[in-house]
Amino acid sequence: MKWLSFEATGSVAYKEFLHILRDRRVLLLVLTLPPLFTLLFGHAFETSELTDVKSLLIDRDNTSRAQEFIEIISKNKTFQWRHGLPDTKNESDLLGEGVQAALIIPAGWNESLENGDPKPLLLYLDGSDINTADAVEGSVRQSLGDFQLKQRDRMIETLPEEVFELGKQLPVQIRKRFVSMMEMWRVDRKQLYNPKSRVIDFVVPGIIGLILQLLTVTLMACTIARERESGTLYQLMVTSLRRQEIVIGKMLPYLVVSILLVLVIMLVSSWHFGVVFYQLPALAVVCLLFLLCSLGLGLLISALSRTQTQAIQFSVFFLLPVFVLSGAFAPLGQLPKAIQYISELFPLTHFCRAFRLVNMYHATARFYSLDLLVLLVGALITFLGAAFLLKRIEQ
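For clarity, every value in this text was computed on a predicted model and none was experimentally measured.

*Asks:* Sorry if this is basic, but what is going on with helix 13 (residues 308–325) here?
*Replies:* Quick reminder: α-helices carry 3.6 residues per turn. Residues three or four places apart thus point the same way. With 18 residues, helix 13 should cover 26 Å at 1.5 Å per step; its first-to-last C-alpha distance of 26 Å lies within 8% of that length. Among all positions of helix 13, only A311, S315, F318, L319, V322 and L325 are buried. Across the axial projection of helix 13, the buried residues extend over an arc of 140 degrees, all falling on one side. Those residues of helix 13 that are exposed and angled more than 90 degrees off the buried face are T309, F317, L320 and V324. Once helix 13 finishes, G327 follows within two positions and takes phi at roughly 75 degrees, a positive value.

*Asks:* Explain the nonpolar core here, please?
*Replies:* Here is a general trend for soluble globular proteins: nonpolar side chains tend to be buried in one another's company. Core analysis: the biggest nonpolar cluster contains 63 residues, and I208, F351 and F355 have the highest contact counts within it. Of all elements in the fold, only helix 9 (199–230), helix 11 (243–273), helix 12 (280–304), helix 13, helix 15 (347–359) and helix 16 (365–394) reach the threshold of two or more residues within this core. Setting aside its immediate chain neighbours within four residues, I208 contacts I265, M266, F351 and F355. The next biggest cluster of nonpolar side chains, apart from the first, holds 17 residues, and it includes V53, A66, F79 and L121.

*Asks:* How should the packing of helix 12 against helix 15 be read in this particular structure?
*Replies:* Relative orientation of the contacting elements helix 12 and helix 15 amounts to 175 degrees, with a least axis distance of 10 Å. Between helix 12 and helix 15, the crossing angle belongs to the class labelled roughly antiparallel. Contact residues: A282, L283, V286, C287, F290, C293 and L297 in helix 12; P347, L348, F351, A354, F355, V358 and N359 in helix 15. A breakdown of the residues in the contact of helix 12 with helix 15 according to their chemical character gives 13 nonpolar, 1 polar and no charged.

*Asks:* It is not clear to me how the pattern of salt bridges should be interpreted in this structure. Could you clarify?
*Replies:* Pairing between side chains of opposite charge can happen when the charged atoms of each approach one another. On inspection of all chains with the given rule, the structure shows 7 salt bridges. Two residues, E97 and R82, come together in a salt bridge whose shortest N-O distance is 3.0 Å. A residue pair is termed long-range when its members are at least 10 positions apart, and E97 in helix 4 (residues 94–97) and R82 in strand 2 (residues 79–84) qualify at 15 residues. Overall, E97 belongs to the buried group, its relative accessible area being 18%.

*Asks:* Just to check I follow, could you spell out the packing of aromatic side chains for this structure?
*Replies:* Each pair of aromatic rings is reported with the distance of its centres and the angle of its planes. Under the definition given, this model contains 8 aromatic pairs. Both rings, one in W109 and one in F147, keep their centres 5.6 Å apart while their planes meet at 25 degrees; by these two values the pair is stacked. Taken as a pair, W109 in helix 5 (residues 109–114) and F147 in helix 6 (residues 130–157) lie far apart in primary sequence, 38 residues in all. You'll find W109 and F147 in the same group, each marked buried. Seen from their ring centres, F277 and F355 are 6.3 Å apart, and the 90 degrees between their planes marks the pair as edge-to-face. Taken as a pair, F277 in the loop between helix 11 and helix 12 and F355 in helix 15 lie far apart in primary sequence, 78 residues in all. Across the pair, exposure class does not vary: F277 and F355 are buried alike. Three or more aromatic residues joined by ring pairs form one cluster here, namely F277, F290, F351 and F355.

Calculation criteria
- Residues numbered from 1 in each chain as written.
- Predicted model: local features only at pLDDT ≥ 70, side-chain atom pairs only at ≥ 80, totals over all residues.
- Heavy atoms only, no water.
- Helix = DSSP H or I, 4+ residues; strand = E, 2+ residues; numbered from the N terminus.
- Expected span 1.5 Å × (residues − 1).
- Buried < 20%, exposed > 50% of the residue type's maximum accessible area, 1.4 Å probe, protein only.
- Arc of directions from axis to C-beta.
- Core = buried A, V, L, I, M, F, W, Y, C linked by side-chain atoms within 4.5 Å.
- Contact = heavy atoms within 4.5 Å.
- Axes fitted to C-alpha atoms, helices over the stretch in contact; angles between N-to-C directions.
- Parallel < 35°, antiparallel > 145°, perpendicular 65-115°, else oblique.
- Nonpolar A, V, L, I, M, F, W, Y, C, P; charged D, E, K, R; others polar.
- Salt bridge = Lys/Arg side-chain N within 4 Å of Asp/Glu carboxyl O.
- Phe/Tyr/Trp six-rings, centres within 6.5 Å; stacked < 30°, edge-to-face > 60°.

Below, the structure written as structure tokens:
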């Protein structure tokens, strides 16, 4: 007795293909959402450089030295400055001023620099977005450091000749140490795996997984529920079709469509965002196992649901935590340990990790084989679970 009839499975798959083609709403979603979402999410994460942050600058010192610093920080692309009057009283009301930061140059700042006891600049930051606040503070410190180096060089140039004559009398080693202390010490940075610091390269697996799970799980979840709701499921069950033939036949059309979606998303990412994909055979294996696992989840949800409405509700409840806790758009290492353990239950977590190991790290299979195994086991469990639930329906 054959375990699987290709003719019977093909008939179920053909019927499901016809349903996809006839349902214009589903067809419209499948054709338009993947490239649209790829562009939307891609542009959201295309650059890691913070630019044009609305900021308020108030100069209460009103000296030529303060103006020099303003000229330097005005060239910093992080900020979009709006200059406030010196007598502004509500500079800390960032919301009222319509800005995310306010930088105040205090009165007497120039004099304090001359006296060797510099007054600190006052910086108000909108802390609702911690990442933005940290980046803005870093940019202010960078501009202040550039200004400080410029002032140091000017001070050295104006030192009396006697100072240099005394300096020449110092031992060579002491002079070298003195010069070294006056210069900014450096760190030679060599960034690996993402040398251009492009966030889009990091989040591409998340974009692919997000779109695929949003479509495949939701659409697949409605298949058996739709048959049950219309009364045709029981007609299928009393035919000579085996449960595994029904399950695989229902899955095959969505697998083919999903593979096409992966190709569309990768083409858009490559053409519009310049993302380069490496080791395509390995990426194909990663994507295939993830698709099987996602389709299996959708099929399992469909078998559990009595109506299409229930299927969609279950899909939403599953997908919402996945997008946040899977590491699709932020490293999992930033999450608490307990949450990291929970995230390992989601297929998208293993897909993103394996995809990045292949495409960004150019890693060999031994580094991501465990993730592939989890996806494979997840696919088998969900398909077997769906077939078991169908058996209960048959009984």
